[in-house]
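So the chains spell out like this:
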Amino acid sequence: MNRIWNLIATEARIELRERYALTGILLYVLSASFIVFSIWRQLPPKEWGLTFWVIFLFCSLMAVLKTFGKESEGRYFYYYTLYHPLELFTAKVFYNLGLLLVIFFTLWLVLSVIAGNHFLRPGWFLVTGCMACIGLSFLLTFISSIAIKTQQNASLTAIMALPLMIPVLINILQLTAYGLGTTPDDNPWNEMMLLTSMISLVSGMALWLFPYLWRS
Amino acid sequence: MVVSVSLALLMLSATDRPTTFRLAVWKWGAIVLLLYVFIAGWIVPLHPGIIQVNPGTASAGDTVTLEVKGYNTSFLRDTSQLSAWLRLSGDTVLKAGHIRVFDDRQLKARFYIPAAFPFRSEAYPLTLIVVNGADGASVLPNAIFASPAVRHQPEEMSLWTQHKLQGIQVKAGIQYPFRNILAETIRNTYFHVPMWFAMILLFGVSAFYSLHYYRKGDMDLDRKSVAFIKVGLIFGLLGLLTGMIWAKNTWNAYWSWDVKQNMSAIALLIYSALMVMRSSVEDDLQKARLTAGYNMFAFVLLIPLLFIIPRMTDSLHPGSGGNPAMGGEDLDHTMRLVFYPAVVGFILLGLWISQLVYRVDKLKGNTWS
């Protein structure tokens, strides 16, 4: 655990040293919501939820894309001698989870300011968002670890990750609709169960397969 | 079918020793089953039915003359037992007072709709049943909607139970059921559904080989798993196409953003992404390893995508939103006689083509190295 924490801290230090990375993401969030809002002009609850997740989707892809990309080949060899692949993967997942949570809360704040906060059950949306961040950080980290091995890694991450994200996203949209109160559905526990099981499936598969894919 | 026959002919002509040409038993099985499916699937007629009734509404206390258009019917052949019925529910039926037959496909039936109903409603859906000696009973559910009478006349209540629905027999011989809206397209069941069965099985076999590759690291296993993915993708594409043609005829649009359509399109996207990913890796070992990893990952996610999510949302497609998947209503015993062989036949065909693709890949690989 301590070693993982070290890795995360290193990651964060590198990220903060190059300040444009983190501010770039935040700027991306801001400008995307601004563009969407200036097109829509007003966001009723249902559209609010859809817009939120569309922006979140692209921001998260942007943020996680370069997980494995920005480091040199040499550093990975160095890491490989020092850490177990699982430690490296867990560190990356935690780091990306942090990033996604930052994006989530920033986006929520920004959209609430410019388009109002329509939630009947904000607690549910908070839980949904956290679940989504966990699931997507596992999925995106795993996919970007595959994509880094190919020639065009940026476009391939999107090509491979988007269809795989859809089952998770559909569930999240249903839960968001429950949080917003735009669905007649009274029992969100079914969706919650499905989401939980899908996330555990994704994370289990990713943890099982990553050490194997990481060797090269 | 055409594919399998031409493949067989190709193999026959390609071999140098035609006298020793042999096929494994299961391949002959596939050929025989698919021949049977294509012949029986196209040739067996549909049960007589009713496709149109005019007018679609009537008001109680009035006499209404219905123009009935039959499908596959032969009204003229045996007019002795000809009768027409409007059924409200159970034994609550009306018998047509007068029937005039124009030809085998058209007749007019006159009904008097009583000015009293056994229960209260805004509109009463009535099922039309036409019975004759040659066709047995042809049924059209909700053929007309009767609106309540302006003046309620309780003494007419007895008209509903005056006649008993009787003399209904099933037409002898082998035929597929006539379903409203589906009509002849019901035959697509033998081609559309087995495509998906075959696709799931092929992807499953592919994931199994990937798992083996993960354990053993033999390049041959990678070749096998990719061959199964390629063929599975083709089957999925055919399933989507047959489904779209079917949807055009029954849902009135090729693509209606139905959850089942979307999910299967996404499933195909996932596996197409796998093929794209493969083509952009140069190192063979790396390629095989990434394929194995992504393939297992994708197959595990495919299960909620195809089997859980569509069942949780409303859909036009059978098998979700409370519709029966392959319940007794849509698949009767005659259809089962063709449907199960079709499933087995198409699965065997899929395995066969995958085997050929694998062999071709292997030969190509050998020439390179």
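Residues numbered from 1 in each chain as written. Chains lettered and ligands numbered in written order. Predicted model: local features only at pLDDT ≥ 70, side-chain atom pairs only at ≥ 80, totals over all residues.

Enquirer: Describe the overall build of chain B, naming the residues involved and giving the relevant values.
Expert: Tallying secondary structure elements over chain B gives seven helices and nine strands in all. Computed over its C-alpha atoms, the radius of gyration of chain B comes to 28 Å, more than 25% above the 21 Å expected for a compact globule of 369 residues. Each principal axis of the C-alpha atoms in chain B carries an extent, and together these give about 90 × 50 × 25 Å. For chain B, the residues scored as buried account for 34% of the 369 residues in total. When contacts within chain B are restricted to residue pairs at least 6 apart in sequence, those whose partners lie at least 24 apart make up 74%. (Helix = DSSP H or I, 4+ residues; strand = E, 2+ residues; numbered from the N terminus. Rg over C-alpha atoms; globule rule 2.2 N^0.38 Å. Buried ≥ 20, exposed ≤ 12 C-beta atoms within 10 Å, placed from the backbone. Contact = placed C-beta atoms within 7 Å.)

Enquirer: Describe the sheet that holds strand β7 (residues 106–112) of chain B, naming the residues involved and giving the relevant values.
Expert: Residues and elements named next belong to chain B. Spatial ordering of the open sheet is given by β1-β3-β7-β6, a layout of four strands whose pairing is antiparallel. The sheet is open, and its two edges are formed by β1 (49–54) and β6 (98–101), each paired on a single side. Going across the sheet, the axis of each strand differs from the next one's by a mean of 25 degrees, ignoring polarity. Looking at chain direction, β6 and β7 are connected through four bridges and run antiparallel. Considered in β7, the bridge of R100 is made with K108. (Pairing = 2+ DSSP bridges. Axes fitted to C-alpha atoms, helices over the stretch in contact; angles between N-to-C directions.)

Enquirer: Kindly report on the sheet that holds strand β8 (residues 124–132) of chain B, identifying the contributing residues and their values.
Expert: Residues and elements named next belong to chain B. On the basis of which strands lie adjacent, the open sheet formed by five strands has the order β2-β9-β8-β4-β5 and mixed pairing. Each edge of the open sheet is held by one strand with a lone partner, namely β2 (57–59) and β5 (92–95). Neighbour-to-neighbour, the strand axes of the sheet open up by a mean angle of 35 degrees, direction not taken into account.

Enquirer: Could you give an account of the interface of chain A and chain B, naming the residues involved and the relevant values?
Expert: Each side of the interface is counted separately: chain A has 21 residues, and chain B has 23 residues. Breaking the side of chain A that touches chain B down by element, the ones donating at least two residues are α7 (153–180) and α8 (189–214) of chain A. Ranked by the residues each element gives to the side of chain A that touches chain B, the list is headed by α7(A), at eight residues. In the side of chain A that touches chain B, the residues fall into 16 nonpolar, four polar and one charged. (Nonpolar A, V, L, I, M, F, W, Y, C, P; charged D, E, K, R; others polar.)

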